[in-house]
Structures are given as structure tokens and as C-alpha cells.
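# Structural characterization, general
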Amino acid sequence: MLKKILSITGKPGLVKIVSQGNRMLLVEDITTGKRFPVGMRDKVVSLGDIAMYTEADDLPLPEILDRLHKNRNGEAIDVKSLQANDGLRELFAEIVPDFDRDRVYVTDIKKLFTWYNLLLAAGLTDFNSEEAETPAE
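Residues numbered from 1 in each chain as written. Predicted model: local features only at pLDDT ≥ 70, side-chain atom pairs only at ≥ 80, totals over all residues. Heavy atoms only, no water.

Time to look at the packing of aromatic side chains. Overall, the coordinates contain 2 aromatic pairs when judged by the stated rule. On the numbers, 4.9 Å between centres and 70 degrees between planes, the contact of phenylalanine 92 with phenylalanine 99 is edge-to-face. Its end group placed over the ring of tyrosine 53, arginine 103 keeps NZ or CZ at 3.9 Å from the ring centre. (Phe/Tyr/Trp six-rings, centres within 6.5 Å; stacked < 30°, edge-to-face > 60°. Lys NZ or Arg CZ within 6 Å of the ring centre and 35° of its normal.)

Laid out in C-alpha cells, this is it:
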């Protein structure tokens, strides 16, 4: 499911792919439902392709989001209250105890938690599922 959810550098929030055209994507904001085109010049990253550093290996984002969902019992995270006193790192250490503390920055963790909240708000909670591709009719 996360393969079709994208982050666009320089734009807040997350979008999902609606359609692909020649040299552009048509995307829809997952919270507002507003559609807009994304050109070739925009840097676009699929959430399914992101991983975070650990001491042993890189951990895929879908697995981290699943762990986070189980840890929080499906509840949203109050990111602002956790920013004080290194609360973001402490919560992330509960989810991924062996994360690389030198290469995973607080800004990365904050972005992860913000994305998690956006996905929850959009009703997307099955992070590891692979949607079967159906041909367009």
C-alpha cells in the first residue's frame, strides 16, 4: 500500500498516485482529497522505498509503521509534546531499539511520526499490505 503513497520534497503532507502521464503524475492529497499534477522536476519518494538505519541492517518504513501502530494501539502521536526533553528519540527507541543513533536524526523521527499521524487520519493502517495491481479497463 505504501508504494502508492508519496512524499514530495518541499510540499507538506502525503499524496497518493491517481494516474501517470507522460512526464508527470496526477496525485491526490491523502487528507484533503485535492488533486494536482507533479512534474519531472519535483523530487518524489515512495514511502514503500524508504528505510531507516539500524545497527544491524536498514529497517523498511512499512515495518516501522506497523511496529508504531501496535505500540500506540492505533492512536495518534502528539509530536509537539514529545519534542521537549528528547521524547521523540525515547519513543522511537521503544519501537526500534537498535536504531543508529548517529545517523537517525530527530528531524527524521519527527517526520516519521507526522507521516504516521497523516496516514491514520486518512484511514490507512495496513502498512505492509501489497495491493494487487489490476489492469485499467
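Continuing now.
Glancing now at the pattern of salt bridges. Under the defined criterion, the tally for this structure stands at 5 salt bridges. Taking the shortest distance from any N to any O, the salt bridge between aspartate 49 and lysine 3 comes out at 2.4 Å. Here the residue aspartate 49 occupies a position in the loop between strand S5 (44-46) and strand S6 (51-52), and lysine 3 occupies one in the segment before strand S1 (5-8), the gap between them amounting to 46 residues. Among the residues examined, aspartate 49 registers a relative accessible area of 54% and is labelled exposed. One salt bridge connects lysine 16 with glutamate 28, and the closest N-O pair in it is separated by 3.6 Å. Taken together, the positions of lysine 16 in strand S2 (residues 15-21) and glutamate 28 in strand S3 (residues 24-29) put the pair 12 residues apart, joining distant regions of the chain. (Salt bridge = Lys/Arg side-chain N within 4 Å of Asp/Glu carboxyl O. Helix = DSSP H or I, 4+ residues; strand = E, 2+ residues; numbered from the N terminus. Buried < 20%, exposed > 50% of the residue type's maximum accessible area, 1.4 Å probe, protein only.)

Another aspect to go through is the layout of surface pockets. Here the largest pocket defines a volume of roughly 520 Å³. Taken together, 24 residues form the lining of the largest pocket, with Ser7, Ile50, Asp108, Lys111 and Trp115 sitting closest to its centre. Those elements giving two or more residues to the lining of the largest pocket turn out to be S1, S6 and helix H4 (106-121). When the residues that make up the lining of the largest pocket are grouped by side-chain class, the tally is 12 nonpolar, 6 polar and 6 charged. (1 Å grid on protein atoms, 1.4 Å probe; cavity = no way out; pocket = protein on both sides within 12 Å on 5 of 7 lines; lining within 4 Å. Points joined across faces, edges and corners; volume = space filled by probe spheres on them. Nonpolar A, V, L, I, M, F, W, Y, C, P; charged D, E, K, R; others polar.)

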